[in-house]
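Each chain, written out:
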Amino acid sequence: MQILNFKENIKFMKLRLPAQIFSGVLILISIFSLSTNSLNWGLDFTGGTLIEVGYQQPAKLDNIRKQLENASYTDAVVQNFGTSEDVLIRLAPREGVKASTLGDEVLSALRSDGDQVDMRRIEFVGPNVGDELAEQGGLAMLTALLCIMFYVAVRFEWRLALSSVIALAHDVIITLGLFSVLQLEFDLTVLAAVLAVIGYSLNDTIVVFDRIRENFLKIRKAEPEEVIDTSLTQTMSRTIITSGTTILVLVALFFKGGALIHGFATALLFGIFIGTYSSIYIASAIALMLGVKKEDLMPSEVEKEGADQDPMM
């Protein structure tokens, strides 16, 4: 029994051209931003020292930056971390300086005006480790896309496999573009969220493709566009409920989860929307554009042993 029951088919495919133009614009903006601004790589990838300090009163970021500049830390990145009293400081790698020594020097500089500053934590990541993580993360996404393409090709048909991988690449590029345009910090938790978005989007696409295959065999006289609209309408109840419950959890994480997982929640929240959208207007629309039809999805007949022999023999 469906909680949301649509009595008439929703004409999704009538809007496929405007949707694809919209997606094309988003992809161009994302690629342009990634090529010019790149990503705001977190400490996990760039290497360096991360220092979290706490003030007794709301911190004045401009004063903190001036204090660090006076102490020769001109490359310091200063930002609030969760509350106005908590401050996160990122420093580029410095050869021959221990993290503990660096932390003491930074703390002394911040206390130069008589402010009471407490050290919360200090972390150090080497640049070689950061480069390795960036390379391995990119390989992980590429491997996931190739494995998914093989799986869908075996389970369904090459047109559906190609359209599903294009939809996944669409989701990844636009999600990365969001972080590039807004210059949100991209760390390992965000990379994990991007991989989770790939899995979520694929699951949504597989559900839709399963229904498309079933309806191509059931509705024999319908046109492919009508079959796809029917399939999308039939799965819309499941899509709304699944996405809605997931979004409720992510909204709670976004507002209450703290700064450490803020990027993770942001990537997943955006990924849920873009993944649901791409299952309809990218994966299904491209499959239709590639000319998928009933004959492509019919199971191949298995020739029985002895079928060519004379029954009288």
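The coordinates are above.
Since this is a predicted model, take the numbers as computed values, not measurements.

Some words on empty space enclosed by the protein
Which parts of space are left empty comes out when a probe the size of a water molecule is rolled across the atoms. Scanning the entire structure with this criterion turns up one cavity of 30 Å³ or more. Around the largest cavity sit Asp204, Val208, Leu232, Thr235, Met236, Thr239, Thr276, Ser279 and Ile280, which together line it. Elements supplying a minimum of two residues to the lining of the largest cavity: α7 (188–218), α8 (224–256) and α9 (262–289). Take the lining of the largest cavity: its biggest share by element is four residues, from α8. When grouped by side-chain class, the residues that make up the lining of the largest cavity number four nonpolar, four polar and one charged.

A short note on the environment of Asp115
For Asp115, the location among the structural elements is in the loop between α4 (99–110) and β5 (117–125). Considering only alpha carbons, one finds Asp115 and Tyr55, 60 residues apart in sequence, at a separation of 7.7 Å. When sequence neighbours within four positions are dropped, the list of residues in contact with Asp115 reads Tyr55, Gln57, Gln67 and Leu110.

Focus: the pattern of salt bridges
Under the definition given, this model contains eight salt bridges. Its salt-bridge partner being Asp210, residue Arg213 comes within 3.0 Å of it at the nearest N-O pair. Linking Arg213 with Asp210, this pair stays in helix α7, spanning three residues, or about one helical turn. Exposure remark for Arg213: the relative accessible area of 25% places this residue in the partly exposed category. Here Arg211 and Glu214 are joined by a salt bridge, their closest N and O atoms 3.6 Å apart. In this pair, Arg211 and Glu214 both sit in helix α7, three residues apart, roughly one turn of the helix. Residue class for Arg211 comes out partly exposed when judged on its relative accessible area of 28%.

Observations regarding the pairing of strand β3 (residues 77–81)
Every other side chain in a regular strand lies on the same face of the sheet, so the side chains alternate between the two faces. Where β3 and strand β4 (residues 83–91) come together, five bridges link them in antiparallel fashion. Bridge assignment links Val77 to a residue of β4, and that residue is Arg90.

A short note on the packing of helix α1 (residues 16–36) against α9
Where α1 meets α9, the closest approach of the two axes is 10 Å, and the angle between their N-to-C directions is 115°. The angle between α1 and α9 falls in the class roughly perpendicular. The interaxial crossing formed by α1 with α9 has left-handed handedness. Here Arg16, Ala19, Gln20, Phe22 and Ser23 of α1 lie close against α9, whose contacting residues are Tyr277, Tyr281, Ile282, Ala285, Ile286 and Leu288. Here the contact of α1 with α9 is composed, by residue class, of eight nonpolar, two polar and one charged.

So, how was this worked out
Residues numbered from 1 in each chain as written. Predicted model: local features only at pLDDT ≥ 70, side-chain atom pairs only at ≥ 80, totals over all residues. Heavy atoms only, no water. 1 Å grid on protein atoms, 1.4 Å probe; cavity = no way out; pocket = protein on both sides within 12 Å on 5 of 7 lines; lining within 4 Å. Points joined across faces, edges and corners; volume = space filled by probe spheres on them. Helix = DSSP H or I, 4+ residues; strand = E, 2+ residues; numbered from the N terminus. Nonpolar A, V, L, I, M, F, W, Y, C, P; charged D, E, K, R; others polar. Contact = heavy atoms within 4.5 Å. Salt bridge = Lys/Arg side-chain N within 4 Å of Asp/Glu carboxyl O. Buried < 20%, exposed > 50% of the residue type's maximum accessible area, 1.4 Å probe, protein only. Pairing = 2+ DSSP bridges. Axes fitted to C-alpha atoms, helices over the stretch in contact; angles between N-to-C directions. Parallel < 35°, antiparallel > 145°, perpendicular 65-115°, else oblique. Left-handed = near helix turned anticlockwise from the far one by under 90°.

The quantities given are spatial measurements derived from coordinates; they are silent on function.
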